[in-house]
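If you want the building blocks of each chain, they are given just below.
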Amino acid sequence: MSLYRSGLGRARGLGSAKHGVGAFIAERVSGVALILLTIWLVWVAVAVARGGYAEARSILASPVHAAIAILTVDVGLYHAMIGMRVIVEDYIEKPLTKAALLILNALVGWAAAAIATVSILKIAFGAGA
Amino acid sequence: MADASPGLRERPLSPHVQVWRWHVTMAASIFNRVTGVGLYVGWLILAGWALALASGPDAYGAYSSVLTSIPGQIVLFGVAVALFFHLAAGVRHLFWDSGKGFMPRTAGASAIVAFVFAIVAAIVLFVIAHISQGSAS
(Lines give C-alpha, C1' and ligand atoms only; values in the text may rest on other atoms or scores of the structure.)
Protein backbone atom coordinates (compact mmCIF):
# COMPACT_ATOMS: atom_id res chain seq x y z
CA MET A 1 0.00 0.00 0.00
CA SER A 2 2.65 2.50 1.06
CA LEU A 3 4.59 1.34 -2.02
CA TYR A 4 2.35 3.50 -4.19
CA ARG A 5 2.73 6.67 -2.14
CA SER A 6 5.53 9.22 -2.54
CA GLY A 7 7.72 10.25 0.40
CA LEU A 8 6.10 13.68 0.35
CA GLY A 9 2.64 12.16 0.37
CA ARG A 10 3.42 10.01 3.39
CA ALA A 11 5.02 12.88 5.32
CA ARG A 12 2.24 15.38 4.61
CA GLY A 13 -0.12 16.16 7.47
CA LEU A 14 2.01 14.46 10.12
CA GLY A 15 3.55 17.68 11.37
CA SER A 16 7.08 17.91 12.73
CA ALA A 17 8.90 15.19 14.67
CA LYS A 18 7.93 17.22 17.78
CA HIS A 19 11.28 17.01 19.55
CA GLY A 20 13.52 19.40 17.60
CA VAL A 21 12.57 22.32 19.82
CA GLY A 22 14.46 20.78 22.75
CA ALA A 23 17.85 21.37 21.13
CA PHE A 24 16.76 24.85 20.05
CA ILE A 25 15.88 25.84 23.62
CA ALA A 26 18.96 24.15 25.09
CA GLU A 27 21.13 26.12 22.67
CA ARG A 28 19.51 29.40 23.80
CA VAL A 29 19.61 28.66 27.52
CA SER A 30 23.26 27.56 27.43
CA GLY A 31 24.02 30.58 25.24
CA VAL A 32 22.53 32.99 27.79
CA ALA A 33 24.52 31.29 30.57
CA LEU A 34 27.68 31.57 28.48
CA ILE A 35 27.29 35.36 28.17
CA LEU A 36 27.87 35.59 31.93
CA LEU A 37 30.43 32.77 32.09
CA THR A 38 32.47 34.39 29.29
CA ILE A 39 32.89 37.54 31.39
CA TRP A 40 34.35 35.37 34.16
CA LEU A 41 36.54 33.50 31.64
CA VAL A 42 38.00 36.76 30.28
CA TRP A 43 38.77 37.89 33.83
CA VAL A 44 40.56 34.59 34.51
CA ALA A 45 42.51 34.85 31.23
CA VAL A 46 43.87 38.26 32.27
CA ALA A 47 44.64 37.07 35.82
CA VAL A 48 46.47 33.99 34.55
CA ALA A 49 48.41 36.03 31.98
CA ARG A 50 49.61 38.12 34.94
CA GLY A 51 50.16 35.46 37.60
CA GLY A 52 50.79 32.24 35.64
CA TYR A 53 50.67 28.79 37.25
CA ALA A 54 50.47 29.94 40.89
CA GLU A 55 47.65 32.40 40.17
CA ALA A 56 45.69 29.85 38.13
CA ARG A 57 46.03 27.24 40.92
CA SER A 58 44.97 29.73 43.61
CA ILE A 59 41.91 30.86 41.64
CA LEU A 60 40.71 27.27 41.19
CA ALA A 61 41.46 26.47 44.84
CA SER A 62 38.45 28.67 45.68
CA PRO A 63 35.25 26.56 45.68
CA VAL A 64 33.23 29.36 44.06
CA HIS A 65 35.70 29.83 41.23
CA ALA A 66 36.12 26.06 40.78
CA ALA A 67 32.33 25.73 40.47
CA ILE A 68 32.16 28.57 37.93
CA ALA A 69 35.09 27.03 36.02
CA ILE A 70 33.35 23.65 35.79
CA LEU A 71 30.12 25.36 34.68
CA THR A 72 32.00 27.37 32.05
CA VAL A 73 33.80 24.43 30.44
CA ASP A 74 30.85 22.02 30.65
CA VAL A 75 28.15 24.45 29.50
CA GLY A 76 30.54 25.69 26.80
CA LEU A 77 31.20 22.18 25.51
CA TYR A 78 27.48 21.33 25.74
CA HIS A 79 26.66 24.40 23.61
CA ALA A 80 29.49 23.52 21.18
CA MET A 81 28.23 19.93 20.87
CA ILE A 82 24.70 21.11 20.03
CA GLY A 83 26.12 23.51 17.43
CA MET A 84 28.47 20.94 15.91
CA ARG A 85 25.59 18.48 15.69
CA VAL A 86 23.56 21.03 13.68
CA ILE A 87 26.51 21.67 11.35
CA VAL A 88 27.08 17.94 10.72
CA GLU A 89 23.36 17.38 10.09
CA ASP A 90 23.28 20.36 7.69
CA TYR A 91 26.28 19.56 5.53
CA ILE A 92 26.95 15.80 5.68
CA GLU A 93 24.57 13.75 3.56
CA LYS A 94 26.10 10.25 3.60
CA PRO A 95 24.38 8.38 6.47
CA LEU A 96 27.52 6.50 7.61
CA THR A 97 29.76 9.57 7.55
CA LYS A 98 27.06 11.57 9.33
CA ALA A 99 26.62 8.93 12.02
CA ALA A 100 30.38 8.61 12.49
CA LEU A 101 30.83 12.38 12.87
CA LEU A 102 27.88 12.67 15.27
CA ILE A 103 29.32 9.90 17.43
CA LEU A 104 32.79 11.51 17.27
CA ASN A 105 31.22 14.83 18.30
CA ALA A 106 29.62 13.22 21.34
CA LEU A 107 32.75 11.26 22.35
CA VAL A 108 35.14 14.21 21.98
CA GLY A 109 32.77 16.61 23.74
CA TRP A 110 32.01 14.35 26.69
CA ALA A 111 35.66 13.28 27.03
CA ALA A 112 36.87 16.89 27.09
CA ALA A 113 34.17 17.79 29.63
CA ALA A 114 35.16 14.86 31.88
CA ILE A 115 38.90 15.65 31.64
CA ALA A 116 38.37 19.36 32.40
CA THR A 117 35.94 18.67 35.26
CA VAL A 118 38.19 16.12 36.98
CA SER A 119 41.22 18.41 36.50
CA ILE A 120 39.44 21.39 38.07
CA LEU A 121 38.11 19.26 40.97
CA LYS A 122 41.59 17.87 41.58
CA ILE A 123 42.94 21.41 41.95
CA ALA A 124 39.94 22.52 44.02
CA PHE A 125 40.35 19.64 46.47
CA GLY A 126 44.01 20.54 46.83
CA ALA A 127 45.45 17.29 45.50
CA GLY A 128 49.11 17.65 44.58
CA ALA A 129 50.35 17.22 41.03
CA MET B 1 0.58 8.26 -15.22
CA ALA B 2 2.02 10.71 -17.72
CA ASP B 3 5.03 11.39 -15.55
CA ALA B 4 7.53 8.63 -16.30
CA SER B 5 10.01 9.46 -13.53
CA PRO B 6 9.49 7.43 -10.35
CA GLY B 7 9.34 8.99 -6.91
CA LEU B 8 9.34 12.69 -6.27
CA ARG B 9 9.53 15.19 -9.08
CA GLU B 10 12.39 17.71 -9.20
CA ARG B 11 11.85 20.26 -6.47
CA PRO B 12 12.89 23.88 -6.96
CA LEU B 13 16.12 24.82 -5.17
CA SER B 14 16.38 27.85 -2.92
CA PRO B 15 18.69 30.64 -4.17
CA HIS B 16 22.17 29.23 -3.80
CA VAL B 17 25.47 30.75 -2.72
CA GLN B 18 26.64 31.69 -6.22
CA VAL B 19 23.64 33.88 -7.06
CA TRP B 20 23.63 35.79 -3.78
CA ARG B 21 24.83 39.36 -3.66
CA TRP B 22 27.34 39.69 -0.85
CA HIS B 23 25.97 41.53 2.17
CA VAL B 24 27.15 42.00 5.73
CA THR B 25 24.33 40.03 7.40
CA MET B 26 25.26 37.05 5.21
CA ALA B 27 28.92 37.40 6.17
CA ALA B 28 27.91 37.62 9.86
CA SER B 29 25.78 34.48 9.55
CA ILE B 30 28.59 32.50 7.91
CA PHE B 31 31.16 33.85 10.36
CA ASN B 32 28.92 32.87 13.28
CA ARG B 33 29.09 29.22 12.15
CA VAL B 34 32.80 29.39 11.42
CA THR B 35 33.56 30.93 14.82
CA GLY B 36 31.36 28.28 16.43
CA VAL B 37 33.59 25.56 14.97
CA GLY B 38 36.66 27.54 16.04
CA LEU B 39 35.34 27.79 19.59
CA TYR B 40 34.82 24.03 19.68
CA VAL B 41 38.59 23.80 19.26
CA GLY B 42 38.93 26.62 21.80
CA TRP B 43 37.11 24.55 24.46
CA LEU B 44 39.39 21.59 23.73
CA ILE B 45 42.42 23.89 24.20
CA LEU B 46 40.90 25.06 27.51
CA ALA B 47 40.22 21.48 28.65
CA GLY B 48 43.84 20.63 27.84
CA TRP B 49 44.93 23.69 29.81
CA ALA B 50 42.95 22.51 32.86
CA LEU B 51 44.55 19.07 32.56
CA ALA B 52 48.04 20.62 32.34
CA LEU B 53 47.30 22.86 35.33
CA ALA B 54 46.18 19.85 37.39
CA SER B 55 49.26 17.85 36.32
CA GLY B 56 51.74 20.23 37.96
CA PRO B 57 54.24 22.98 37.10
CA ASP B 58 56.23 20.99 34.52
CA ALA B 59 53.22 20.00 32.43
CA TYR B 60 51.79 23.49 32.81
CA GLY B 61 55.08 25.06 31.74
CA ALA B 62 55.22 22.91 28.62
CA TYR B 63 51.58 23.65 27.76
CA SER B 64 51.85 27.39 28.33
CA SER B 65 55.10 27.61 26.36
CA VAL B 66 53.14 26.29 23.37
CA LEU B 67 50.34 28.79 24.01
CA THR B 68 52.73 31.72 24.43
CA SER B 69 54.76 30.85 21.32
CA ILE B 70 53.99 32.98 18.27
CA PRO B 71 51.85 30.30 16.52
CA GLY B 72 50.12 29.68 19.87
CA GLN B 73 49.40 33.37 20.31
CA ILE B 74 48.01 33.60 16.78
CA VAL B 75 45.67 30.68 17.52
CA LEU B 76 44.64 32.21 20.87
CA PHE B 77 44.01 35.58 19.22
CA GLY B 78 41.81 33.80 16.67
CA VAL B 79 39.94 32.07 19.50
CA ALA B 80 39.47 35.44 21.24
CA VAL B 81 38.08 37.04 18.05
CA ALA B 82 35.82 34.00 17.60
CA LEU B 83 34.66 34.16 21.23
CA PHE B 84 33.72 37.85 21.09
CA PHE B 85 32.13 37.57 17.65
CA HIS B 86 30.09 34.50 18.59
CA LEU B 87 29.04 36.28 21.80
CA ALA B 88 27.81 39.35 19.89
CA ALA B 89 26.16 37.19 17.22
CA GLY B 90 24.46 35.17 19.95
CA VAL B 91 23.01 38.35 21.45
CA ARG B 92 21.73 39.29 17.97
CA HIS B 93 20.05 35.88 17.76
CA LEU B 94 18.36 36.42 21.13
CA PHE B 95 16.90 39.70 19.86
CA TRP B 96 15.70 37.95 16.69
CA ASP B 97 14.13 35.18 18.80
CA SER B 98 12.06 37.86 20.52
CA GLY B 99 11.01 39.22 17.12
CA LYS B 100 13.18 42.33 17.17
CA GLY B 101 16.01 43.63 14.95
CA PHE B 102 14.88 42.19 11.60
CA MET B 103 14.73 45.50 9.70
CA PRO B 104 17.48 45.46 7.04
CA ARG B 105 19.11 48.62 8.42
CA THR B 106 19.07 47.29 11.99
CA ALA B 107 20.29 43.82 11.00
CA GLY B 108 23.07 45.32 8.88
CA ALA B 109 24.15 47.72 11.63
CA SER B 110 24.15 45.03 14.33
CA ALA B 111 26.23 42.78 12.05
CA ILE B 112 28.84 45.54 11.64
CA VAL B 113 28.79 46.14 15.41
CA ALA B 114 29.44 42.42 15.97
CA PHE B 115 32.48 42.44 13.67
CA VAL B 116 33.93 45.65 15.16
CA PHE B 117 33.27 44.49 18.73
CA ALA B 118 34.99 41.14 18.07
CA ILE B 119 38.18 42.69 16.74
CA VAL B 120 38.36 45.58 19.23
CA ALA B 121 37.59 43.37 22.26
CA ALA B 122 40.18 40.78 21.21
CA ILE B 123 42.86 43.46 20.73
CA VAL B 124 42.00 45.09 24.09
CA LEU B 125 42.13 41.69 25.83
CA PHE B 126 45.54 40.90 24.34
CA VAL B 127 46.96 44.35 25.13
CA ILE B 128 45.75 44.08 28.76
CA ALA B 129 47.06 40.52 29.08
CA HIS B 130 50.48 41.42 27.68
CA ILE B 131 50.83 44.64 29.71
CA SER B 132 49.93 42.91 32.99
CA GLN B 133 52.25 40.04 32.10
CA GLY B 134 55.08 42.58 31.79
CA SER B 135 54.22 44.27 35.09
CA ALA B 136 54.39 41.01 37.06
CA SER B 137 57.76 39.81 35.81
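How each quantity is defined
Residues numbered from 1 in each chain as written. Chains lettered and ligands numbered in written order. Predicted model: local features only at pLDDT ≥ 70, side-chain atom pairs only at ≥ 80, totals over all residues. Heavy atoms only, no water. Helix = DSSP H or I, 4+ residues; strand = E, 2+ residues; numbered from the N terminus. Contact = heavy atoms within 4.5 Å. Areas by Shrake-Rupley, 256 points an atom, 1.4 Å probe, with all protein chains shown as cover. Rg over C-alpha atoms; globule rule 2.2 N^0.38 Å. Buried < 20%, exposed > 50% of the residue type's maximum accessible area, 1.4 Å probe, protein only. Buried area = accessible area lost by both parts, 1.4 Å probe. Salt bridge = Lys/Arg side-chain N within 4 Å of Asp/Glu carboxyl O. Polar contact = N/O pair within 3.5 Å; in protein donor to acceptor, adjacent residues only side chain to side chain. Phe/Tyr/Trp six-rings, centres within 6.5 Å; stacked < 30°, edge-to-face > 60°. Lys NZ or Arg CZ within 6 Å of the ring centre and 35° of its normal. Core = buried A, V, L, I, M, F, W, Y, C linked by side-chain atoms within 4.5 Å. Expected span 1.5 Å × (residues − 1).

**A word on the overall build of chain B**
Working step 1: The number of helices and strands found in chain B is four helices and zero strands.
Working step 2: For chain B, the N- to C-terminal ordering of α and β elements is α-α-α-α.
Working step 3: In chain B, once contacts between residues fewer than 6 apart in sequence are set aside, the share between residues at least 24 apart is 70%.
Working step 4: A total of about 8,700 Å² of accessible surface is found on chain B, and carbon and sulfur atoms cover 73% of it.

**Regarding the overall build of chain A**
Working step 1: What chain A contains, in helices and strands, is four helices and zero strands.
Working step 2: Scaling as 2.2 N^0.38, a compact globule of 129 residues should have a C-alpha radius of gyration of about 14 Å, whereas chain A reaches 21 Å, well beyond that.
Working step 3: The dimensions of chain A, computed from C-alpha atoms along their principal axes, are 70 × 25 × 25 Å.
Working step 4: Relative to its 129 residues, chain A shows a buried fraction of 33%.
Working step 5: Considering only residue pairs separated by 6 or more positions, chain A has 70% of its internal contacts joining residues 24 or more positions apart.
Working step 6: For chain A, the computed accessible surface area is about 7,800 Å², with 72% contributed by carbon and sulfur atoms.

**Side note on the interface of chain A and chain B**
Working step 1: Contacts between the two partners involve 42 residues from chain A, matched on the other side by 31 residues from chain B.
Working step 2: Here chain A meets chain B over a buried area of about 3,100 Å², counting both sides, of which 78% is carbon and sulfur.
Working step 3: For D97(B), the salt bridge identified is with R28(A), shortest N-O distance 2.7 Å.
Working step 4: Run the count over chain A and chain B and you get seven residue pairs in polar contact (both at pLDDT 80 or more).
Working step 5: Counting residues per element, the side of chain A that touches chain B draws most heavily on helix α2 (residues 20–61) of chain A, which supplies 17 residues.

**Details of the packing of aromatic side chains**
Working step 1: Considering all chains together, one arrives at eight aromatic pairs over all chains under this definition.
Working step 2: Among the aromatic residues, ring-to-ring pairing joins Y53(A), W49(B) and Y60(B) into one connected group.
Working step 3: The cationic tip of R28(A) hangs over the ring face of F24(A); the distance from NZ or CZ to the ring centre is 3.7 Å.

**Overview of the nonpolar core**
Working step 1: In terms of nonpolar packing, the biggest core is built from 34 residues, with I120(A), W49(B) and L53(B) touching the most fellow members.
Working step 2: Elements that contribute at least two residues to this core include exactly α2, α3 (63–91) and α4 (95–124) of chain A together with α1 (24–54) and α2 (57–68) of chain B.
Working step 3: With 10 residues, α3(A) is the largest single contributor of residues to this core.
Working step 4: Aside from chain neighbours lying at most four places away, what touches W49(B) is V48(A), A56(A), Y60(B), Y63(B) and L67(B).
Working step 5: In this structure, A89(B), A118(B), A122(B) and F126(B) belong to the second largest nonpolar core, which totals 15 residues.

**Observations concerning the side chain of H79(A)**
Working step 1: Inspection of the secondary structure puts H79(A) in helix α3.
Working step 2: Take H79(A): its relative accessible area is 17%, and that puts it in the buried class.
Working step 3: Once residues within four sequence positions are removed from consideration, H79(A) is found in contact with E27(A), S30(A), G31(A), L34(A) and H86(B).

**Observations regarding α1(B)**
Working step 1: With 31 residues, α1(B) extends 43 Å between its outermost C-alpha atoms, agreeing within 8% with the 45 Å of an ideal straight helix rising 1.5 Å per residue.
Working step 2: Residue G56(B) follows α1(B) closely and has a positive phi angle near 110°.

**Focus: the pattern of salt bridges**
Residues and elements named next belong to chain A.
Working step 1: Counted by the stated rule, this structure contains five salt bridges over all chains.
Working step 2: The residue R50 makes a salt bridge to E55 at a minimum N-O spacing of 3.8 Å.
Working step 3: By relative accessible area, R50 is classed as partly exposed at 40%.
Working step 4: According to the relative accessible area criterion, E55 is partly exposed, its value standing at 23%.

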